[in-house]
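Working through the structure, step by step
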Amino acid sequence: MSEAPDKFESLRGRLDAVRARIAESAHRAGRAPREVTLIAVSKTHPAPVVRAALDAGATDFGENRVQEAAGKIEEVGRREGVRWHLIGHLQANKARRAVELFDLIHSVDSAPLVERLERLCAEAGRASLDVLMQIDLAGEATKSGARSDDLKSLLEEFGRCARVRCRGLMTLPPFFDDAGQVRPYFRRLRELRDQLTARGLFRDGDAELSMGMSHDFEVAIEEGATMVRVGTALFGARGGAAAP
Ligand SMILES: *Cc1c(COP(=O)(O)O)cnc(C)c1O
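What you see as residue numbers is a count from 1 along each chain, following the sequence as written. Whole-chain, interface and lining totals are the exception, using all residues; otherwise, since this is a predicted model, local features are given only for residues with pLDDT of at least 70 and side-chain atom pairs are given and counted only at 80 or more. The side-chain figures draw on all heavy atoms in the structure; neither hydrogens nor water molecules are used.

1. So, the overall build of the protein chain
Here is the rule: For helices the rule is a DSSP run of H or I covering at least 4 residues; for strands it is a run of E covering at least 2, with both sets numbered from the N terminus onward. Radius of gyration here is computed from C-alpha atoms only, and the compact-globule reference equals 2.2 Å multiplied by the residue count raised to the power 0.38. When accessible area is computed with a 1.4 Å probe and restricted to protein chains, residues below 20% of their type maximum are described as buried, those above 50% as exposed, and intermediate ones as partly exposed. Throughout, a residue-residue contact means that at least one pair of heavy atoms, one from each residue, lies within 4.5 Å. For this count, His and the chain ends are skipped, Lys and Arg are scored as positive, and Asp and Glu as negative. The atoms used to mark charge sites are NZ of Lys, CZ of Arg, CG of Asp and CD of Glu.
Helix and strand counts for the protein chain come out as nine helices and eight strands. For 244 residues, the compact-globule estimate of 2.2 N^0.38 gives 18 Å, and the protein chain sits close to it at 18 Å. With the C-alpha coordinates of the protein chain rotated into their principal frame, the extents come out at 55 × 40 × 35 Å. Counting all 244 residues of the protein chain, 50% fall into the buried class. Taking as baseline every contact in the protein chain between residues at least 6 positions apart, the subset at least 24 positions apart corresponds to 62%. Charged side chains of the protein chain number 37 positive and 37 negative; the gap between the two group centres comes to 2 Å.

Structural data, given as structure tokens:
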């Protein structure tokens, strides 16, 4: 544990640095930095790291796996003004637990999952659950996310929901070494958001766009991201040595 204070000190520095880069990208795009929520992706990092990030001022945390998040949230404890985001694929058999734990689920990609979440909210007495529709823009068979074919049934299902509310879109584009190459995907997600707004799914200017990770969040912000999901740039590499 002797290295811990150092590690946490650099965490504060990295948080400030990422915030500064968010502000710069927002300004470049003529947007206000407060339009962009930084989600600190704490997956694989233990509770003490989350606590340090909280103390350094992080308010939003992203987790990939329901089970891992459950343990961590219990250890860290709920805090006023802190939100937990599920950003990884949600299996049907974990949905009940997810309804108990998360403030926002980014990975909703099928009508049956929406239907299940609505039923589980009713059973748990949860009046509302905000979710994002995860969109697969690349048509990658191995990735989760709704394709254009799935959109109609998803939208119909949301229309039947009283508790589950679709608040925007999320995407996880293919990885490119050159972050500039990912720009068309971010742009397409924004265009889809605008189309769905025109069709009345979202109120004007109201819908979230969850896009951008450590290596490409600046491009995402230029293309309209309202939530960026940043892990490595804040916490260092996962499953390896901490970043310098
Ligand atoms: C892990 C993860 C991130 C964060 O990735 P980094 O490259 O570490 O910033 C963002 N979004 C999703 C869906 C992830 O699984």
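Having seen it, we continue.
2. Some words on the site of the ligand
Applicable threshold: Neighbouring residues are identified by heavy atoms, a residue being near a molecule or strand if any of them is within 4 Å of it. Distance and chemistry together define a polar contact, namely a pair of N or O atoms within 3.5 Å, with one atom able to donate a hydrogen and the other to accept it when in protein, and with adjacent residues in sequence counting only for side-chain atoms on both sides. Method for areas: the Shrake-Rupley scheme with a 1.4 Å probe, in which residue coverage is limited to the protein chains shown.
Taken together, Val41, Lys43, Asn64, Ile87, Leu172, Met213, Ser214, Arg229, Val230, Gly231, Thr232 and Arg238 form the complete shell of residues around the ligand. At a separation of 2.8 Å, a nitrogen atom of the ligand approaches a polar side-chain atom of Arg229. Protein contacts shield 92% of the accessible area of the ligand, which totals 390 Å² for the unbound molecule.

3. Here we look at the pairing of strand 1 (residues 37–41)
Along any regular strand the residues' side chains alternate between the sheet's two faces. The test is simple: Two strands are said to pair when DSSP picks up at least two bridges between them. The handedness of a crossover follows from its direction of travel: if, with the strands pointing away from the viewer, the path from the first strand over the helix to the second runs clockwise, the crossover is right-handed.
Taken across its five residues, strand 1 has four buried, putting it largely inside the fold. In this sheet, strand 8 (residues 227–230) lies alongside strand 1 in parallel orientation, the contact comprising four bridges. Residue Ile39 lies in a different strand from strand 8, and its bridge partner there is Arg229. Relative to strand 2 (residues 60–63), strand 1 runs parallel, the two sharing two bridges. Of the residues in strand 2, the one forming a bridge with Val41 is Gly62. Handedness of the crossover is the feature at issue here: the chain leaves strand 1, passes through helix 2 (residues 47–55), returns alongside strand 2, and the resulting connection is right-handed.

4. What to know about the environment of Asp177
Examined against the element boundaries, Asp177 turns out to sit in the loop between strand 6 (164–171) and helix 7 (183–198). Sequence separation of Asp177 and Val18 is 159 residues, and the distance between their C-alpha atoms is 19 Å.

5. Focus on the packing of helix 5 (residues 111–124) against helix 6 (residues 148–160)
To keep it simple, the criterion reads: Axes, fitted as lines to C-alpha atoms, cover a helix only where it is in contact. Angles between the N-to-C directions of the axes lie from 0 to 180 degrees. We call two directions roughly parallel when the angle between them is under 35 degrees, roughly antiparallel when it is over 145, roughly perpendicular when it lies between 65 and 115, and oblique otherwise. Handedness of a crossing is defined here by the sense of rotation of the near helix relative to the far one, left-handed for an anticlockwise turn of less than a right angle and right-handed for a clockwise turn. Under the scheme applied, nonpolar residues are Ala, Val, Leu, Ile, Met, Phe, Trp, Tyr, Cys and Pro; charged residues are Asp, Glu, Lys and Arg; polar residues are all the others, including Gly.
Two numbers describe how helix 5 lies on helix 6: the axes approach to 8 Å, and their chain directions differ by 15°. Here helix 6 runs roughly parallel to helix 5, going by the angle between their axes. With respect to the hand of their crossing, helix 5 and helix 6 are arranged in right-handed fashion. Across the interface between the two elements, Ala111, Val114 and Glu115 from helix 5 touch Ser153, Leu154, Glu157 and Phe158 from helix 6. A class-by-class count of the residues in the contact of helix 5 with helix 6 yields four nonpolar, one polar and two charged.

6. Description of helix 3 (residues 66–76)
Side chains that are three or four residues apart share a direction in an α-helix, a result of its 3.6 residues per turn. When helix 3 is considered as a whole, its buried residues turn out to be Val66, Ala69, Ala70, Lys72, Ile73 and Val76. Turning to helix 3, the residues buried within the fold contact helix 2, strand 2, strand 3 (83–86) and helix 4 (95–101). Note on helix 3: the residue one or two positions beyond its end, Gly77, has a positive phi of about 85°.

7. Observations concerning the side chain of Asp130
With respect to the element layout, Asp130 can be found in strand 5 (residues 129–135). Not counting residues within four places of it along the chain, the set of residues in contact with Asp130 comprises Asp103, Leu104, Ile105, Arg165 and Arg167.

8. Re the side chain of Thr226
Among the secondary structure elements, Thr226 is positioned in the loop between helix 8 (217–222) and strand 8. Looking at Thr226, its side chain comes within polar contact range of the side chain of Glu208, at 2.5 Å. In this structure the side chain of Thr226 is engaged in a polar contact, spanning 2.9 Å, whose partner is the backbone nitrogen of Leu209. Apart from the residues lying within four places of it in its own chain, the contact partners of Thr226 are Arg31, Glu35, Val36, Thr37, Ala207, Glu208 and Leu209.

9. Details of the pattern of salt bridges
Test applied: For salt bridges, the criterion is a side-chain nitrogen of Lys or Arg within 4 Å of an Asp or Glu carboxyl oxygen.
Applying the stated criterion to the full structure yields 22 salt bridges. Put simply, Arg31 and Glu35 hold a salt bridge, and the shortest N to O gap is 3.1 Å. By relative accessible area, which is 13% here, Arg31 ends up buried. The closest approach of N and O atoms between Arg83 and Asp60, which form a salt bridge, is 2.7 Å. Of this pair, Arg83 sits in strand 3 while Asp60 is found in strand 2, placing the two residues 23 residues apart along the sequence.

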